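Descriptive structure summary
Here is what each chain is made of, one letter per residue.
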Amino acid sequence: MPDQSSLPAPSPLTRRRFLGVSGGLASTLLLAACGSNTGREAATTAGSGGSGASGSKPTLAQWYHQYGETGTQQAAEGYAAAYPDATVSVQWTPGDYESKLSSSLVAGNGPDVFEWGNGPSIDQIQGGQVAALDDLLGDAKSDFTSSLLQRMSYDGKLYGIPQVIDMQLLVYRPSLLQAAGVQPPETFDDLVSAAAKLTTGGVKGLFVGNDGGGGVLTGPTLWSVGADYLTSDNKVGFDQPAVAEAFGRLHGLFTSGSLLLGAPTDWSDPSAITQGLTAMQWTGLWTLPTLAKELGDDFAVTAWPKYSSSVGAPSVPIGAYGSVVNAKGANVDAAKAYVKWLWVDNTADQLDWAQSFGFHIPARQSVAAQADKLKTGVAADAVALVQNSGHAQSPLLWTPASGTAMSDAVSRIIKDGADPAEQLGQVATTVQSELQRVAG
Amino acid sequence: MSAPTRSRPVAQRPPLWRRLAGDQNRNLWFWAFVGPFVAGLTVFVYIPILWSVYLSFFDARNTVTPTDFVGFGNYRDMLTDPAFLSSMGTFIVFAAFIVPLTFAASLGLALMIHRVRRFKAFFRSVYFLPTACSYVVAALIWKLSIFNGVRFGLVNTVLSWFGIEPIAWLSVTQPPWYWLVLVTLRLWLQVGFYMILFLAGLQRIPTVLYEAAAVDGAAPGWQTFRYVTFPQLRTTSVAVLVLLLINAFQAFDEFYNLLANAGAAGSGGAYPPYARPPLVYLYYVALGSQQDFGHGSAGAVLLALVIALFTVLQGRLLRFGRNE
C-alpha cells in the first residue's frame, strides 16, 4: 500500500486558476457562438458553406417568411419532410425576412431554396445570386399563369416558380352601405362620397393603411387613370397630368376625416373592419376566412375604382411568392429538383397550401380549377376580379430605389399636400437613372 | 598590492518563451484575459469598419467583394442625395428635443431622489428600471396601446374625457404629433440611466461646500443649486451631454418600430421620409431590399465623421477633460 504522504496533493482551486479556467471557457463559448444559423440541420459530411449530405441524401435548407395563418408552418415542414430525395430543413423567419435573407445570400451562407415576393429582384438576377429554372416547368409551363411567369423572367430565363397568387382588394360591409344609402363605389368620386357618408360616430368610412394609402395605393392610383409604373418598353409610365391629379385627390381623401388612421393593426390584417372601426377596408385575399368567421355574410369585395366614368379602369394588384434557388448553394441541382417536386409536380400540396389556411389562388390553372373554396361566394368574386382587373404588383425593372423614391413622393403628396407634378417629376428622374443602370 | 579580482557571474538569458510569458507569466495571463476580447473586437468591429471603408469606394450591389472601383463617386452621390441630407435634418430636430429634455429631466430626478430621506433605493430602482426594457418592446407598447390612434388608445381615452376627438398620433404630419411619441418614448427609456450618473455626481460633492455656502449667506434651493451644485456637476454634465448626442445620432429602433408601414411587397419599403434618421436611411440603402453596400458604406463613413466632428466640437466647447 503506498504511503499516502507521497501522493501529490490535489492542487487547490486558487482565485487565479479559477479566473484563468473561466476566462478560457468564456472565450471558447464566445467563439462557438459566432456561427450562423442557416436553418440547415447539422450534417456529418457538410460541404463548406453549402449543403451537406446526410448519408446518401443531400441536405437542403429552405426559408419561408412568417405567414400569419395558423398551421402554415407545420404544413411547410410536412411537405419538406415528405420529400424522398433530400433532407430538407425549413426555417420560418419572422420579422424583416427580406433583409435577413439578402444578408445571408451576400455572406455566402444563404439557404438553398427560398421564397421571394414576385420572384427575385433584378439586382439578384444580374448579380448571379439566383439560378435559372427554365428546365423545371416542362409541359406544365402553359398551365402556369403567364403574367406571373413573365414577371419572374429576365432576358428569356425564368428565375422563380410561382407558388400561389395573392391579391389586394376592397372589402366592404353591405349592411353599412345599405344603411347609409350608398352603392359600392365604381369611381373615385363614388369612393370619396361613400367614405364620407359611412363615417358616423366611432366608425370611419374607409381604411387604406395607417399611412393613408402611401404603401399600397400607388399601383391602383396609376391604373385608375390608365397609367403604370413603367411602359411595356420599360420607360417611365407615370409622367402625365392625369396621374398627378389622381395622386392629388388622395391628399383630399386623407384630410377629409373619412379615413381611419392609427388603427392597432395595418391594412394587411382584417381587424379594423371586423372590430367595427371602418365600413370599407383595402386588404388582401388572405383575410377572407377571418372575415367570414367574424362577419358571416356581411362582407363583399370589389376592385379599386376607376378614376372617373370616362377615365381609367378598376384594378386589383396581384402578386405571387416565387420559389427561388440560390445559385451559389452547394447543391443547386438537388435544390432545383426539390423545387420542381414541390411547386410543379406536387399539385396536391399546392392545393392544400392555397386553400387550407388563408385563401390564395393556386398559380397553376388546372390546380386553381380544383380549388372548391374559390368557386363560390365572395372568393369567386375575388377570383373574377383577378381575371378582369388584375395587374402585376410592380414590374421587374422597378427597382427598390425606384420604389423608395415613389413611396417618399406619395407620402409627401398624401400627408403634406406636396405638389404632385413636382414630386412625380423627381421620381421620374430617379427611375430613369435606375433604368439606365439595370437595362443600359 | 592589487585588489583581488572577483569575476561577475554572467547573467543567464532566459529562454524566448519565458521572456514572452513575462515575469510570473504576467504577459501570458494578460493575453489570456484580454485576448478573446481583442479577437472579438477585431473580428466584429475593426475588420467590418475597414471593410466598410473599402466598400465605400466600389459599386457594391448585392456583393461584399466588389470589383468595380468608383473612387469617391459614392461619397459624391450621398452628399448630393436629398434623402440622406434630409435624414441628417431629422436627426438635428430629434437631437434638439431629446438632448436638453433628457438632460433636464434626469438632473431633476437625481436632485429629487438625492433629497429623499426614505425609500431612496426604491425610487432609484423605479426610475432606472425602464432602462432594462427593449426599445422594440417599448415602441410597440407606445404604438399599440398608449398612442394608438383610435378611440380606445390610452391617451385618446383620456382626451375623450375632455371632449377631444381621437388623434392619429403616428399618421399625421400636420401637426407632427409623431415627434411627441418619439421623444416621450426615448425619455422614458433613458432618463433613468442618466439620473444614476447625476446621482453619482451629486454624492461626490463635499458637504463642507454647502456649509460654507450657507455661512456665506446662500439661500437653500435655487441659489445653492446655481452656485454650488451645478458647477460641481460640470464634469458629469459634459459627459452626459456627449453621450446624449452620440445616442441621438444612433437613433434607430424607436423610429423604425413606430413608423415603418406594412407596405406593398416589392415597393422598396414604405417608410415615411419625414421621420427617417441617418441610421434608418442607411439601413434601407445597405441592408434592406436595395443591398447597396457601396452607397451604404459611404453614408456610414460620412455619418461616423459627422459624429466624431460633433463630439470633438462639443468636447472643446464644454472643455471636456480639462481641470478647472
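Per an unreviewed UniProt entry, the recorded name for chain A is Sugar ABC transporter substrate-binding protein, and the organism is Nakamurella flava.

Once that is clear, we can look at the nonpolar core. Here is a general trend for soluble globular proteins: nonpolar side chains tend to be buried in one another's company. Residues and elements named next belong to chain B. Ranked by size, the top nonpolar core spans 67 residues in total, and within it Tyr-178, Phe-255, Leu-258 and Leu-259 carry the most contacts. Put simply, the parts of the chain that give this core at least two residues each are α3 (73-79), α4 (82-115), α6 (135-146), α8 (178-203), α11 (234-249), α12 (253-259), α13 (278-287) and α14 (293-317). Element by element, the count of residues in this core is highest for α8, at 14 residues. Those residues within four positions of Leu-259 in sequence are excluded, and the remaining contacts are Leu-170, Tyr-178, Leu-182, Tyr-271, Pro-272 and Ala-275.

Glancing now at the environment of Ser-52 of chain B. Along the chain, the position of Ser-52 of chain B falls in helix α2 (residues 26-55). Sequence separation between Ser-52 of chain B and Val-64 of chain B is 12 residues, and the spatial gap between their C-alpha atoms is 9.0 Å.

Bringing the domain arrangement of chain A into the picture now. Residue and element names in this part refer to chain A. Here the domain parsing of chain A yields domain 1 (17-166 + 318-380) and domain 2 (167-316). In total, about 820 Å² of surface goes out of reach between domain 1 and domain 2, with carbon and sulfur atoms giving 76% of it. By the criterion of area lost to domain 2, the three top residues of domain 1 are Asp-166, Phe-359 and Val-378, representing 60% of everything that side buries. Across the domain 1-domain 2 interface, the total number found is 0 salt bridges. Counting across the domain 1 and domain 2 interface gives 0 residue pairs in polar contact (both at pLDDT 80 or more). Listed by contribution, the elements that provide at least two residues to the side of domain 1 that touches domain 2 are β7 (161-172) and α15 (377-389).

Residue and element names in this part refer to chain A. The topology assignment puts Pro-174 in helix α6 (residues 174-180). A relative accessible area of 30% places Pro-174 in the partly exposed class. Each C-alpha atom, one on Pro-174 and one on Val-301, is 9.6 Å from the other, the two residues being 127 residues apart in sequence. Filtering out sequence-adjacent residues up to four positions away, Pro-174 remains in contact with Asp-298, Phe-299 and Ala-300.

Counting from both sides, the interface comprises 48 residues of chain A and, opposite them, 44 residues of chain B. Between chain A and chain B, a total of about 3,600 Å² is buried, with carbon and sulfur atoms accounting for 53% of that surface. Linking chain A with chain B are 1 salt bridge. A salt bridge links Asp-408 of chain A to Arg-276 of chain B; the nearest nitrogen and oxygen atoms lie 2.6 Å apart. For the interface between chain A and chain B, the tally reads 14 residue pairs in polar contact (both at pLDDT 80 or more). Elements with a minimum of two residues in the side of chain A that touches chain B: α1 (15-32), α3 (97-107), α4 (122-126), α16 (400-416) and α17 (420-439) of chain A. Sort the elements by how many residues they give to the side of chain A that touches chain B and α16 of chain A lands first, with 10 residues. Broken down by class, the residue content of the side of chain A that touches chain B amounts to 15 nonpolar, 21 polar and 12 charged.

Glancing now at the confidence of the model for chain B. Residues and elements named next belong to chain B. The pLDDT averaged across chain B works out to 88; a share of 92% of its residues lies at or above 70. The element-level mean pLDDT for chain B is lowest in helix α1 (residues 16-21), coming to 84, with α3 highest at 96. Low pLDDT (under 50) marks residues 264-268, which in the prediction has 14 contacts with non-local residues, meaning those over four places away or in another chain. Here the predicted complex scores 0.82 on pTM and 0.81 on ipTM.

Working definition: two side chains of opposite charge can pair if their charged atoms are close together. All names here are of chain A. This model, assessed by the stated rule, comprises 13 salt bridges over all chains. Here Arg-437 ties to Asp-123 by a salt bridge, and the two come within 3.0 Å at their closest N and O atoms. Here the residue Arg-437 occupies a position in helix α17, and Asp-123 occupies one in helix α4, the gap between them amounting to 314 residues. Judged by relative accessible area, Arg-437 falls into the partly exposed class, the value being 29%.

Thresholds applied
- Residues numbered from 1 in each chain as written.
- Chains lettered and ligands numbered in written order.
- Predicted model: local features only at pLDDT ≥ 70, side-chain atom pairs only at ≥ 80, totals over all residues.
- Heavy atoms only, no water.
- Core = buried A, V, L, I, M, F, W, Y, C linked by side-chain atoms within 4.5 Å.
- Buried < 20%, exposed > 50% of the residue type's maximum accessible area, 1.4 Å probe, protein only.
- Helix = DSSP H or I, 4+ residues; strand = E, 2+ residues; numbered from the N terminus.
- Contact = heavy atoms within 4.5 Å.
- Domains from an automatic or database assignment.
- Buried area = accessible area lost by both parts, 1.4 Å probe.
- Salt bridge = Lys/Arg side-chain N within 4 Å of Asp/Glu carboxyl O.
- Polar contact = N/O pair within 3.5 Å; in protein donor to acceptor, adjacent residues only side chain to side chain.
- Nonpolar A, V, L, I, M, F, W, Y, C, P; charged D, E, K, R; others polar.
- pLDDT = per-residue confidence, 0-100.

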